[in-house]
Amino acid sequence: MERPVRELKGVGEKTQKLLESIGIYTTGDLVRLYPRTYREYGSPVSVKDVKEGETYTLRLRVLTNVYVSQGGKLPVTTITGADDTGRIPVIWYRAQYLRSVLKKGGFYVFRGRVVLKRGRLQLEHPEIFSLDDYQALENTLRPVYPLHKGLTEKQMIKLVKAALSEKDLLPEIITEEIRDRYQLAERNFAVEAIHFPGDKEALIKARTRIAFDEFLLFILSVRLLKERSDSVPNSHNIKPVWKTEEIIENLPYQLTNAQMNVWHQIERDMTGHSLMSRLIQGDVGSGKTIIAFLAAILSAMNGHQAAIMAPTEVLAKQHFDSMQRLLEQNGLSDLSTVLLTGQSTASERRKIYAEMGSGEAKIIIGTHALIQEKAQYKDLALVVTDEQHRFGVKQREALLDRENPPHVLVMSATPVPRTLAIILYGDLDISVLDEMPQNRIPIKNAVVDTQRRTQSYAFIIKQVREGHQAYVICPMVEENEEIEAENVTDYAEELRSVMPEDITVGVLHGKMKSKEKNRVMDEFSSGNIKVLVSTTVVEVGINVPNATVMMIENAERFGLAQLHQLRGRVGRGDAQSYCIFVQGNKDDETNKRLQVIGRSNDGFFIASEDLKMRGPGDLFGVRQSGDLDFHVADIFRDSDVLKTAAEAASDILSMDPGLALPQNKMLREELSKYGAYGSESTVL
Ligand code: ADP
Ligand code: MG
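Residues numbered from 1 in each chain as written. Chains lettered and ligands numbered in written order. Predicted model: local features only at pLDDT ≥ 70, side-chain atom pairs only at ≥ 80, totals over all residues. Heavy atoms only, no water.

## Thoughts on the packing of aromatic side chains
Phase 1: Scanning the entire structure with this criterion turns up seven aromatic pairs.
Phase 2: When the ring of W92 is compared with that of F110, the centres are 6.0 Å apart and the planes differ by 50°; the resulting orientation is tilted. Placement of the pair is W92 in strand β5 (residues 86-93) and F110 in strand β6 (residues 107-117), with a sequence separation of 18 residues.
Phase 3: Given the relative accessible area of 3%, W92 is considered buried.
Phase 4: You can call F110 buried: its relative accessible area is 0%. (Phe/Tyr/Trp six-rings, centres within 6.5 Å; stacked < 30°, edge-to-face > 60°. Helix = DSSP H or I, 4+ residues; strand = E, 2+ residues; numbered from the N terminus. Buried < 20%, exposed > 50% of the residue type's maximum accessible area, 1.4 Å probe, protein only.)

Take a look at the structure:
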């Protein structure tokens, strides 16, 4: 059974706070924090064989005393190491304590990156092992977790180990029969082996089982919910209204045929006999928002309430602003619209709750806060979730488990091939927006190395002078904050120093308070900020059509699908837009991968090419779909597992339609707890 992390040995208040800051509250959360990747501890290589830019393990004798320089910004600790084939300088940032760790003449194993500094190769900031310790590790795979300030890798490993040793932490959720039929590993084995695999084969088995569970729980929850909504007649009295047609005519653009079709489909659903549960799939920029807005307005004009949920506060605020604008332009300002996020103050919230409860608020836009217990609706007829993957079953149940459940509309930009979508979403109705607005000019792409940075800045300046705006994306620094100085704030500082003074550079990252984020986004939307340096916070949904340049630093660190999402932030207006992918390493494979996205603007094509290049056995590559999806399972890479899970779901439900039999007790509990292995990975 899961326990608070605080009860684990070695977890004090400080560690507890750190863990909570990354969403880990219980032992179960800990074991569900799956490794980001694995480190292979291979046999040491010879000094003469090392090349710039790669990570190596070297077995070296320390030739010199440990020297600590005090000159620059960071103290640098240096030794010279050697084996039979040559010598190499080894340096660490800070790490003065090494003076008492490394002995001149001693042998150690070092593992780290070789870089070229002032014409010489050096080993930079390596891990250090005693010969014995390394021998114990040799040829194993060690987990690498997404790290956060204050939590070290060693600590994380210790904590996960401690959590795994808890009794009955993970009871089996499927019967032996199903396990045998689909040749699945045991759940306990899988969870342990995904953290600490003995070898690659064990890792593959473990991964398969966990992906299976994620898919299974997902599919079961969709099917169970779908059944529930099918059996409920549409008791919201909704009639078509002329106003929606008028709004469409008043738009500054013409809806695409695809948009028109999908909108009329939704209108028919909402005015029909049974509840709507519909998924809209459309690539970034295909124009999903306006359709959601029309649906909400239809509901509101019939006197009911509509809720629109967004995954981030920034996006919720943006939807709120555009909805208000749309209503104003169409003389509908009396349809009261409210914004409810975690950021709303207690008194604001009280007021909003009151308006929701009385039915005065007709359109309610917000984040998860929309479905918290205290949020009571008078007459909720429609729920729209934008970029749905972030919403778990639990939250959906909160909405659907009411006397008079609402229509549900889900919007997603994740390119899932139709055949797989049908397996995944079962009988959920699916609409595809397969047509881009006409005014779009294809984005021009360039993959460049870091030496072209200056030129890229010049290009940004030129675009700004022509009245446009730009995004610059830095990856979140995870592994070693000292070495990777390209973190957002520093980066913005540097950028400011090379930009002309009148070009305002803004900063946006996940650690900022929502108020601050909203302020920055507002200023970017209004054009006060010309260049926005950001982490992937802007990945989802942000819409500033005047932005025409997207420059992505360390593009190699992102999955292609994620790069495609990021790129989708530009090319949203009628001006030519550009995307610059800066490749931070010199790896040829990486370059090939990036060229794929450089050549195509089609999300589907990119996702399938990416898969082809890596092959389904590639467990170590960058995740296909960024963090929008499941924790482990990947719709493309694991499409076979997906099919298996769908079959198993049918087996289970045909035997036990309501999951009421004792043998399915744990499965039912797991479903109601999280909906999926990971907490919030499901749809609808
Ligand atoms: P997404 O599908 O990625 O959510 P949005 O709904 O945010 O895309 O739309 C992107 C941009 O395209 C917005 O600025 C929107 O106003 C505009 N837009 C939507 N539909 C059309 C259309 N048919 N023609 C031109 N522009 C459109
Ligand atoms: Mg969107």
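## Here's the deal with the nonpolar core
Soluble globular proteins tend to bury their nonpolar side chains together.
Phase 1: Of all hydrophobic cores here, the largest spans 67 residues; its most connected members are L30, F215 and L216.
Phase 2: Residue assignment for this core shows that the elements contributing at least two residues are α2 (27-31), α4 (153-164), α6 (187-195), α7 (200-230), β14 (407-412), α14 (418-425), α21 (639-655) and α22 (665-673).
Phase 3: Here the element with the most residues in this core is α7; it accounts for 12 residues.
Phase 4: Leaving out residues up to four positions away in the same chain, F215 has contacts with L424, F630, A633, D634, I635, D638, V641, L642 and A645.
Phase 5: Counting 39 residues, the second largest nonpolar core, distinct from the first, contains I248, W263, M270 and M411. (Core = buried A, V, L, I, M, F, W, Y, C linked by side-chain atoms within 4.5 Å. Contact = heavy atoms within 4.5 Å.)

## Here we look at the packing of helix α8 (residues 242-250) against helix α9 (residues 257-270)
Phase 1: Two elements in contact, α8 and α9, have axes whose closest approach is 13 Å; the angle formed by their N-to-C orientations is 165°. By the angle between their directions, the pair α8 and α9 is classed as roughly antiparallel. Classified by chirality, the crossing of α9 by α8 is right-handed. Here T244, E245 and I248 of α8 lie close against α9, whose contacting residues are M260, W263, H264 and E267. (Axes fitted to C-alpha atoms, helices over the stretch in contact; angles between N-to-C directions. Parallel < 35°, antiparallel > 145°, perpendicular 65-115°, else oblique. Left-handed = near helix turned anticlockwise from the far one by under 90°.)

## Brief notes about the side chain of S600
Phase 1: Within the element layout of this structure, S600 appears in the loop between α19 (588-599) and α20 (603-614).
Phase 2: Assessed through its relative accessible area of 9%, S600 is described here as buried.
Phase 3: Apart from residues lying up to four places away in sequence, S600 is in contact with R567, F605 and I606.

## Overview of the sheet that holds strand β20 (residues 547-552)
Either a parallel or an antiparallel arrangement is found when strands of a sheet pair, and the pairing is made through backbone hydrogen bonds.
Phase 1: Reading across the sheet, the six strands line up as β16-β21-β20-β17-β19-β18 and stay open at both edges, with parallel pairing between neighbours. The sheet is open, and its two edges are formed by β16 (444-449) and β18 (505-508), each paired on a single side. Here the strands of the sheet are splayed against their neighbours by 20° on average, with no regard to which way each runs.
Phase 2: As defined by bridge partners, β16 adjoins strand β21 (residues 578-583) across six bridges and the pair is classed as parallel. When the sheet's bridge partners are listed, N445 is paired in β21 with C579.
Phase 3: Sheet strands in contact with helix α16 (residues 488-498) are β17 (469-473), β18, β19 (531-534) and β20, and its direction is about 175° off that of β18. (Pairing = 2+ DSSP bridges.)

## What about the site of ligand 1?
Phase 1: The environment of ligand 1 is formed by 18 residues, the closest being G285, K288, T289, R440 and R572.
Phase 2: In the environment of ligand 1, an oxygen atom lies 3.0 Å from a nitrogen or oxygen atom belonging to the backbone of G287.
Phase 3: Between ligand 1 and R440 there is a distance of 2.6 Å, counted from an oxygen atom to a side-chain nitrogen or oxygen.
Phase 4: For ligand 1, whose free accessible area comes to 570 Å², the fraction covered by protein is 90%.
Phase 5: Cavity membership is defined here by more than half of the atoms lying within 2 Å of grid points; on that basis ligand 1 lies in the second largest pocket.
Phase 6: For the shell around ligand 1, a count of residues per class yields five nonpolar, nine polar and four charged. (Near = heavy atom within 4 Å. Polar contact = N/O pair within 3.5 Å; in protein donor to acceptor, adjacent residues only side chain to side chain. Areas by Shrake-Rupley, 256 points an atom, 1.4 Å probe, with all protein chains shown as cover. 1 Å grid on protein atoms, 1.4 Å probe; cavity = no way out; pocket = protein on both sides within 12 Å on 5 of 7 lines; lining within 4 Å. Sits in = over half its atoms within 2 Å of the grid points. Nonpolar A, V, L, I, M, F, W, Y, C, P; charged D, E, K, R; others polar.)

Geometry only, nothing functional implied.
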